[in-house]
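# Residue-level structural notes
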Amino acid sequence: MDWGFIMGIGAFVIASTLRAATPLIFAALGGVFSERSGVFNIGLEGIMLFSAFFGMYGSYLTNNPWLGVLLGTLVGGLVAAVHAFLSIELRANQTVSGVALNLMAVAGTNMLLVKFFHSVGQSPSVAKVADWQVPLLKDIPFLGDAIGNLNPLVYLALAMVALSSFFLFGTTTGLRIRSVGENPEAAATVGISIRKIRYLGVIASGLLGGLGGVFLSLGSMDLFKENMTAGRGFIALAAMISGKYNPVGAFFACLLFGFAEALEGQFQLLGMNVPTQFLHMLPYACTIILILGVVGKSVPPAADGIPYEGRK
Amino acid sequence: MNIGTKLKEYGSKLLFPAIALFCALIAGFFIIGWFGGDPFKAYHHLFFGAFGTPTKFGETLVYVSPLILTGLGIGLAFRCGLFNIGVEGQFILGMIAAAWIGSSFTGLPAWIHIPLTMLAGILAGSIWGAIPGFLKARFGAHEVISSIMMNYMALHFTGYLVNYVLIEPPGSRPVTRMISDSAKLARFLPPSRAHLGILIALACLVLVYLFLWKTKWGFEIRAVGLNSEAARYAGINVTHNMVLAMAVSGALAGLAGALQIQGIQYRFNDLFGFPGYGLDGIAVALLGNNHPAGILFGALLFGAMNSGALEMQSVAGISKHLIGIMQAVIIFFVGADYLIKKIRAQRAVRSESLPAATPVSKEV
């Protein structure tokens, strides 16, 4: 094997890692917002699935993938609003509500497939978001092959990491979100509306999770498949936990999962004979290892998952 | 307590699931209408598809027995404050272990081979369940996430086993060998596939009830679930109980998987998705308020829905996924029981004009 070949594979692995990590990054950032405001959102998986479907459907209706992205993202926010209503107004058990959302998403998207396309399991192909050739960047020797020619949603995910980090740790609203997640009673006494902040956090998580779902159906593929999220919402949650409820930490954890997923394809390319089932297990095994706290103890916000009982 | 108050107590316990079910039926009504179907016709076929004839009832039992066991498994873990979403994976491991042991021996008498095969499923399920329990107890790893990961690992791990290790004959499509006749459970109500596993599931209902409410272990598990800090203070080993609860929970799911092989499939086929009994078991446990009697009711309801859905789909043309949506609605309502409790508490305040504490669900 010569250097050119190895470099080529290296660039390819970096590019596929970023692609595989993108839906996770969006969803994990969403998780950060929700948990930081004190609402556990295990429904991210369902949010992603609904958004993946409606992203595809929007693109199908308008033949414009970007309108699909918009529709899918908004649906993500809407589904999250349901979770917010149940958690905040009805003080539902947040895990239970999230599980119900996930169940609803699997059954609901299947029924919608039948309703709109009379097909089982898979939608027809739609216009997808085309990759970008970033001028200048794509001409840099090694780097250009790795990150110069990616889907715009991948670049958006990277930008969102920085943006979310700034928003949470650099703005007043971010500070309020964090304080509500840590100590809602104290936040309430200084006049912060727990209700509003929590709605904000959960709906933000839906919009971001929605982007992650949309990427699956319009970025990495051009159609919707039954259950196409395949546990990515849960993996994103795990990434967020091992990233210590921090946008940047979550981002690095997502890269690791993306890498594990990208490896699946590369082993065969390198001529290694590993049963594919073990490669499929890799991202899930990584998740378990990561939530064991190999990166140090991850402490959730103190009020995470606990309905707020005080005056609104 | 006299009979009147006791009946009233049971009535109030039934009220909530009944409301949840009613709302799910209403939701389904609108969805069917939106799909251009006739809701009455759909519900007619849903009901008679499940209970119409003895054979159909037999087919319903095919769904009920695993749901009793997975629901019990999840309910038992809930009682310890743990959400075992990994029942799906534990079920799968139970299936493959049973297929392996069931097909490995020939010439064993049935009275040894049947329990041996079940035991294989129980063991495999309990190991798969104990892992997230241990990770939670030792490292504080969130059991919801680790047990979901164990589900996917189970799917791919058994895929490996059936493609490379247990494939029979080698080179064929990925299935294991048929289990021996000596490991099969007898069927009744032919031509339905109803089998004696239902009796085992019912026996487990009683056993789990006795375990949780009549033994010291069961008491400790429930104490940890109610308030783990208080339990720790009272000298209960919380770590130990979490692992125990998850292992027993996994054992029940593994047994369900074994019965599925011994009574229905007779061999393990490569899976292309989750069988779904574990996920439905969550709804069953929630609907049954994690009590064996309630779980029996929930399993009957969801078993009937799953079984009737086939006729509803083929005759009334309504997708069987409608059932999934109705189950989600039921879970939503059970999860949001705060509303009812609040209304009830307010009524109690008004009728007694005494300050009453607002009970808030902290059960899960």
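Bear in mind that the values here come from a model prediction, so they are computed numbers and not experimental data.

In terms of regular secondary structure, chain A is built from 12 helices and zero strands. Going from the N terminus to the C terminus, chain A shows its helices and strands as α-α-α-α-α-α-α-α-α-α-α-α. Over its C-alpha atoms chain A spans a radius of gyration of 20 Å, differing by no more than 12% from the 20 Å that the globule rule assigns to 312 residues. Across the 312 residues that make up chain A, the buried fraction comes to 58%. Across chain A, every contact between residues at least 6 apart in sequence was considered, and the portion connecting residues at least 24 apart equals 78%. Total accessible area computed for chain A in this model is approximately 12,200 Å², and 68% of it derives from carbon and sulfur atoms. If you average the places of the 17 positive and of the 15 negative side-chain charges in chain A, the two averages end up 11 Å apart.

What follows deals with the overall build of chain B. The helix and strand inventory of chain B stands at 14 helices and zero strands. The C-alpha atoms of chain B give 21 Å as radius of gyration, which agrees with the globular expectation for 364 residues (21 Å, within 12%). Overall, the C-alpha framework of chain B stretches about 75 × 60 × 35 Å when taken along its three principal axes. Sorting the 364 residues of chain B into buried and exposed places 54% on the buried side.

Here we take up the interface of chain B and chain A. At the interface, 41 residues of chain B touch 43 residues of chain A. On the surface where chain B and chain A come into contact, there are zero salt bridges. For the side of chain B that touches chain A, the elements supplying multiple residues, two or more each, are helix 1 (3–34), helix 5 (110–139), helix 6 (143–165), helix 11 (277–287), helix 13 (322–335) and helix 14 (338–352) of chain B. If you tally residues by element for the side of chain B that touches chain A, the top one is helix 6 of chain B, at 14 residues. Tallied by class, residues from the side of chain B that touches chain A come to 31 nonpolar, 10 polar and no charged.

Going from P190(B) to P191(B), the amide bond is cis rather than trans, its omega being 5°. As for its position among the elements, P191(B) is in the loop between helix 6 and helix 7 (197–214). In the Ramachandran plot, K244(A) falls in the positive-phi region, its phi being about 55° despite a non-glycine side chain. Overall, the relative accessible area of 37% leaves K244(A) in the partly exposed class. Here the phi dihedral of N289(B) falls at roughly 55°; this positive angle occurs in a residue that is not glycine. Structurally, N289(B) is set in the loop between helix 11 and helix 12 (292–316).

To continue, consider the packing of helix 3 (residues 54–79) of chain B against helix 10 (residues 238–265) of chain B. Residue and element names in this part refer to chain B. Relative to each other, helix 3 and helix 10 sit at 170°, their axes nearing to 7 Å. Between helix 3 and helix 10, the angle falls in the class roughly antiparallel. Touching V62, P66, L69, T70, L72, G73, I74, L76 and A77 of helix 3 are A245, M246, V248, S249, L252, L255, A256, L259, Q260 and I264, all from helix 10. Residue composition of the contact of helix 3 with helix 10, by class: 15 nonpolar, four polar and no charged.

All names here are of chain B. Helix length check: helix 1, at 32 residues, gives a terminal C-alpha distance of 46 Å against a target of 46 Å (1.5 Å per residue), a fit within 8%. In the structure, helix 1 departs most strongly from a straight axis at L15, where the bend amounts to approximately 25° and where the proline P17 lies between one and four residues downstream. For helix 1, the complete set of buried residues consists of F16, P17, A20, L21, A24, G28, I31 and I32. One or two steps after helix 1, the chain reaches G36, where phi turns positive at roughly 80°.

Take the packing of aromatic side chains next. Residue and element names in this part refer to chain B. Applying the stated criterion to the full structure yields 27 aromatic pairs over all chains. With centroids separated by 6.0 Å and ring planes inclined at 10°, the aromatic side chains of W128 and F157 adopt a geometry described as stacked. One end of the pair, W128, is in helix 5; the other, F157, is in helix 6, with 29 residues separating them in the sequence. Taken together, a centroid distance of 5.2 Å and an interplanar angle of 75° make the contact between Y152 and F274 edge-to-face. Of this pair, Y152 sits in helix 6 while F274 sits in the loop between helix 10 and helix 11, and the two are 122 residues apart along the sequence. Residue class for Y152 comes out buried when judged on its relative accessible area of 11%.

The subject of this paragraph is the side chain of T95(A). Considering the arrangement of structural elements, one finds T95(A) in helix 4 (residues 94–117). With relative accessibility at 14%, the residue T95(A) sits in the buried group. Apart from residues no more than four positions distant in its own chain, T95(A) is found in contact with F40(A), I42(A), F83(B) and V144(B).

Attention now goes to the pattern of salt bridges. Residue and element names in this part refer to chain B. For the structure on display, the rule yields eight salt bridges over all chains. One salt bridge in this structure joins K136 and E143, with 3.0 Å as the shortest N-O distance. K136 gets classed as partly exposed once you look at its relative accessible area, which sits at 25%. Overall, the relative accessible area of 5% leaves E143 in the buried class. Its salt-bridge partner being E220, residue K216 comes within 3.5 Å of it at the nearest N-O pair. Remark: E220 and K216 occur in helix 8 (residues 216–226); sequence separation between them is four residues, near one turn of the helix.

We now examine the UniProt feature "transmembrane region" (unreviewed entry) in chain A. Residues and elements named next belong to chain A. Mapped onto the present numbering, the UniProt feature "transmembrane region" (unreviewed entry) falls on residues 6–32, 39–60, 66–86, 98–117, 153–177, 197–221, 233–260 and 281–299. Overall, residues 98–117 shows 100% helix and 0% strand. The separation of its end C-alpha atoms is 28 Å. Span residues 153–177 is 96% helix and 0% strand, its end C-alpha atoms 26 Å apart.

Within the largest apolar cluster, 203 residues are counted, with the highest numbers of intra-cluster contacts made by F53(A), F268(B) and F302(B). Apart from residues lying up to four places away in sequence, F302(B) is in contact with L67(B), D280(B), A283(B), V284(B), L287(B), Q327(B) and I330(B).

A word on the environment of L150(A). Residue and element names in this part refer to chain A. Counting through the fold element by element, L150 comes out in the loop between helix 5 (141–147) and helix 6 (152–170). Note: C-alpha distance between L150 and V79 (71 residues apart in sequence) is 29 Å. Look past the residues within four positions of L150 in its chain and what remains in contact with it is A15, L18, R19, D131, W132 and Y155.

On to the state of the cysteines, then. When the sulfur atoms of two cysteines share a covalent bond, that bond is a disulfide. One pass over the structure, following the stated rule, counts zero disulfides over all chains. The thiol of C286(A) is unpaired, and the distance to the nearest cysteine sulfur, on C254(A), comes to 12 Å. For the unlinked cysteine C204(B), the closest cysteine sulfur is that of C80(B), found at 19 Å.

Calculation rules
Chains are numbered independently. Their residues run from 1 in the order of the written sequence. Working convention: letters from A go to chains and numbers from 1 go to ligands, in the order in which they are written. Under the rules for a predicted model, residues below a pLDDT of 70 receive no local features and side-chain atom pairs below 80 are neither given nor counted, while totals for whole chains, interfaces and linings still include all residues. Here the side-chain values reflect all heavy atoms present in the structure, with hydrogen atoms and water set aside. Numbering of helices and strands starts at the N terminus; helices are DSSP runs of H or I of at least 4 residues and strands are runs of E of at least 2. It is over C-alpha atoms that the radius of gyration is taken, and the globule rule equals 2.2 Å times the number of residues to the power 0.38. Note on classification: 1.4 Å probe, protein chains only; a residue is buried when its accessible area is under 20% of the maximum for its type, exposed when over 50%, partly exposed between these limits. Pairs of residues are marked as contacts when any of their non-hydrogen atoms sit within 4.5 Å. Calculation of accessible area relied on Shrake-Rupley with a 1.4 Å probe; when residues are assessed, cover is drawn exclusively from the protein chains displayed. Only four residue types enter the tally: Lys and Arg on the positive side, Asp and Glu on the negative side; His and the chain ends are excluded. Every charge is mapped onto a representative atom, which is NZ of Lys, CZ of Arg, CG of Asp or CD of Glu. Salt-bridge detection follows one rule: a side-chain nitrogen of Lys or Arg within 4 Å of a carboxyl oxygen of Asp or Glu. We call Asp, Glu, Lys and Arg charged. Ala, Val, Leu, Ile, Met, Phe, Trp, Tyr, Cys and Pro are nonpolar, and the rest, Gly among them, are polar. Fitting a line to C-alpha atoms yields each axis, with helices limited to the stretch in contact; the angle taken between N-to-C directions then spans 0 to 180 degrees. Orientation is classified from the angle alone, with under 35 degrees giving roughly parallel, over 145 giving roughly antiparallel, 65 to 115 giving roughly perpendicular, and any other angle giving oblique. In this analysis, the expected span of each helix is defined as 1.5 Å times one less than the number of residues it contains. Note on bend: at a given residue it equals the angle between the axes fitted to the 7 residues ending there and to the 7 starting there. Pairing of aromatic rings covers Phe, Tyr and Trp, the last counted by its six-membered ring, and requires centre-to-centre distances within 6.5 Å; plane angles under 30 degrees mean stacked, over 60 mean edge-to-face, and any other angle means tilted. UniProt positions are given in the numbering used here, feature names are shortened, and annotations may be inferred rather than shown by experiment. For this analysis, a nonpolar core means a set of buried residues of the types Ala, Val, Leu, Ile, Met, Phe, Trp, Tyr and Cys, connected via side-chain atoms within 4.5 Å. When the sulfur atoms of two cysteines come within 2.5 Å, that pair is taken as a disulfide.

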